[in-house]
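One letter stands for each residue in the lines below.
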Amino acid sequence: MRRRYTTPLHIMLATLISMVMIFTIRVNAFARSPLDPVKDSPNTSLVSNKQPEQAENASQSTIYVQHYETPLALTHQDHFLLAQPILYENLFWTSADYRYGYSVKEHGTIHRGLDLPAIEGTPILASGEGKVEFAGYGLVYGAGATNDPYGITVKIKHTLKHNGHTVFSVYCHMEQTLVKVGDWVKTGQVIGTVGMTGMTSGPHLHYEVRILDEMEQKYQNPELWLAPAVDHGVITGRIENRYGYLLNGWNFILSSLETNRYWVINTYDPDIITYHDQDPYFQENYALTDVPAGKYEFTMWYNGVFYASTIEILPGVVNYINFNGTRGFEKSLPHGSTDTDFLN
Ligand SMILES: [Zn+2]
C-alpha cells in the first residue's frame, strides 16, 4: 500500500516533522563525539545519548530474550549462520550511526562492522564453531602492535560455509581475550570480554563478518548473518531512485504501527557498493535486525514527495523491502530473483 501526500498542508507538516527528526539525529550524532579513523566508532555506551530504540531496550534490559538457534534458514536465501556475540539482556542496542556502512564523514572512513555497546567486562561469545585465526593486538597493523586501532581482537574462521564461501567473524576492542591462535571454539563459548582497547571512546564490541570471495576477504553486514531474536525479523533491500540507481547515504523511517517504537535507517555509503561489500545475493544498501514481527509504516521523502507504505515484517526470515522513486516502498523479491517461495 502506498499513499502520496501531495497537499501543501501535508507537505508542510511532513517537512516540519522531518526537520525536527533530522535535528534530533544531528544533535545526538554531535553529542557522541568522534571516532576511530579505521572504520570504527565512538562512545556508544552512554545512557544519556541513547536514541529511542536504545532507551526502550535499556528499560527492558532485565527481560530475557532468546535468539533463534543457528544455523537458521527458513528460506533458501537466508543465511543466519551466526549467533549473537553478546546476550540480548547485556546489550544496549546500537544506534543508526554505528551500524554497517555508515560513513564517518570527519575521518573519511566507512564503518564496516556493527557496534554492540555493553558495559566493560561483559562476556563476548563465539558466534559459531570454528578455529581461532587471530587473537591479541595487531589485526590491522601486524601481530603485537599495541597501537592497533582494533585493540585486542579475536578472529574466528568458522566451520560452516555459505555457498562455498568461508565465513569469518571478528571481535574488536576487547578488554581481554580468553583464547589463543589455533584454539577450537564452540558456539556460545566465552572468548573474551567487552573493553575499550584500540581506537574507541566507550566500551563496545565492534563486530565484523567477512567472507572469502575467491582470494579476497569481503566485508558483510552482520545483521544479515546473526540469527534474530525469537519473534523478530530482519529487513533488507534496495533504496533506489526512480531510475533504479541506489540512493546511498539516504535515510528513511521505520515505525511500528503496534508500539511507539521507530528506527531511523541509513542506507550504505557509496564505498560499500564500489567495493562490493554487500551480500552477494541480496545486493542490498541497508539492513536491520531484531525488528519485532508485526505491521510497520515505512516513510521517506523523495523528490519533494512524502512516501508511506504499510508492510508486515515476518519473524525469523529476511524481509526484502525495496524503495523505488516511482513505486514507493514495496515488499518484493531480491534483485533478479525468480524465487516464488520468498514471500510465503
Ligand atoms: Zn565499530
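What counts and how
Along each chain, the written sequence defines residue order, and numbers are assigned to residues from 1. Whole-chain, interface and lining totals are the exception, using all residues; otherwise, since this is a predicted model, local features are given only for residues with pLDDT of at least 70 and side-chain atom pairs are given and counted only at 80 or more. The side-chain quantities take in all heavy atoms of the structure and omit both hydrogens and water. Within this scheme, the nonpolar core is defined by two criteria: the residues are buried Ala, Val, Leu, Ile, Met, Phe, Trp, Tyr or Cys, and they are joined through side-chain atoms within 4.5 Å. Think of it in three bands: with a 1.4 Å probe and only protein chains considered, a residue is buried below 20% of the maximum accessible area for its type, exposed above 50%, and partly exposed in between. Working definition: helices are DSSP H or I runs of at least four residues, strands are E runs of at least two. Numbering for both runs from the N terminus. Contacts are assigned to residue pairs with any non-hydrogen atoms lying within 4.5 Å of each other. Pairing of aromatic rings covers Phe, Tyr and Trp, the last counted by its six-membered ring, and requires centre-to-centre distances within 6.5 Å; plane angles under 30 degrees mean stacked, over 60 mean edge-to-face, and any other angle means tilted. Each residue gets a pLDDT score, which is the predictor's confidence in that residue and runs from 0 to 100. Pairing of N or O atoms within 3.5 Å defines a polar contact, subject to two protein rules: one partner must be a possible hydrogen donor and the other a possible acceptor, and residues neighboring in sequence count only if both atoms are side-chain atoms.

Right, let's talk about the nonpolar core for a bit. Formed by 43 residues in total, the largest nonpolar core has its most connected members in L82, V154, Y171, I191, Y207 and W225. When contributions to this core are tallied by element, the ones reaching two or more residues are β4 (114-117), β7 (152-162), β8 (165-177), β10 (190-194), β11 (204-213) and β20 (318-324). Leaving out residues up to four positions away in the same chain, L82 has contacts with T70, S127, H158, V167, Y207, V209, W225, L226 and A227. Within the second largest apolar cluster, 21 residues are counted, among which are I235, Y307, I313 and F329.

We now examine the packing of aromatic side chains. Following the criterion strictly, the structure yields 14 aromatic pairs and no others. Measuring from centroid to centroid gives 5.4 Å for Y100 and Y268, while their planes differ by 75°, and the two rings are edge-to-face. Highlighted residues: Y100 in the loop between α2 (52-59) and β2 (103-104) and Y268 in the loop between β16 (262-266) and α3 (270-274), separated in sequence by 168 residues. Looking at Y268, the relative accessible area reads 1%, which means it is buried.

Next up on the list: the environment of F134. Position of F134 relative to the elements: it lies in strand β6 (residues 130-136). Take F134: its relative accessible area is 15%, and that puts it in the buried class. In this structure, the C-alpha to C-alpha distance between F134 and V181, residues 47 residues apart in sequence, is 5.4 Å. With residues near it in sequence (within four places) discarded, F134 still touches L139, A143, T153, V154, K155 and V181.

As a further point, take the confidence of the model for the protein chain. Scored by pLDDT, the protein chain comes out at a mean of 81, with 76% of its residues at no less than 70. Low confidence marks residues 1-62, where pLDDT is under 50. Its contacts with residues over four positions away, or in another chain, come to 123 contacts.

Turning next to the side chain of S169. Looking at the element boundaries, S169 is found in strand β8. Polar contacts involving the side chain of S169 include one to the side chain of Y171, which spans 2.7 Å. Sequence-distant contacts of S169, defined by excluding residues within four places in its chain, comprise S127, V154, K155, I156, H158, Y207 and E208.

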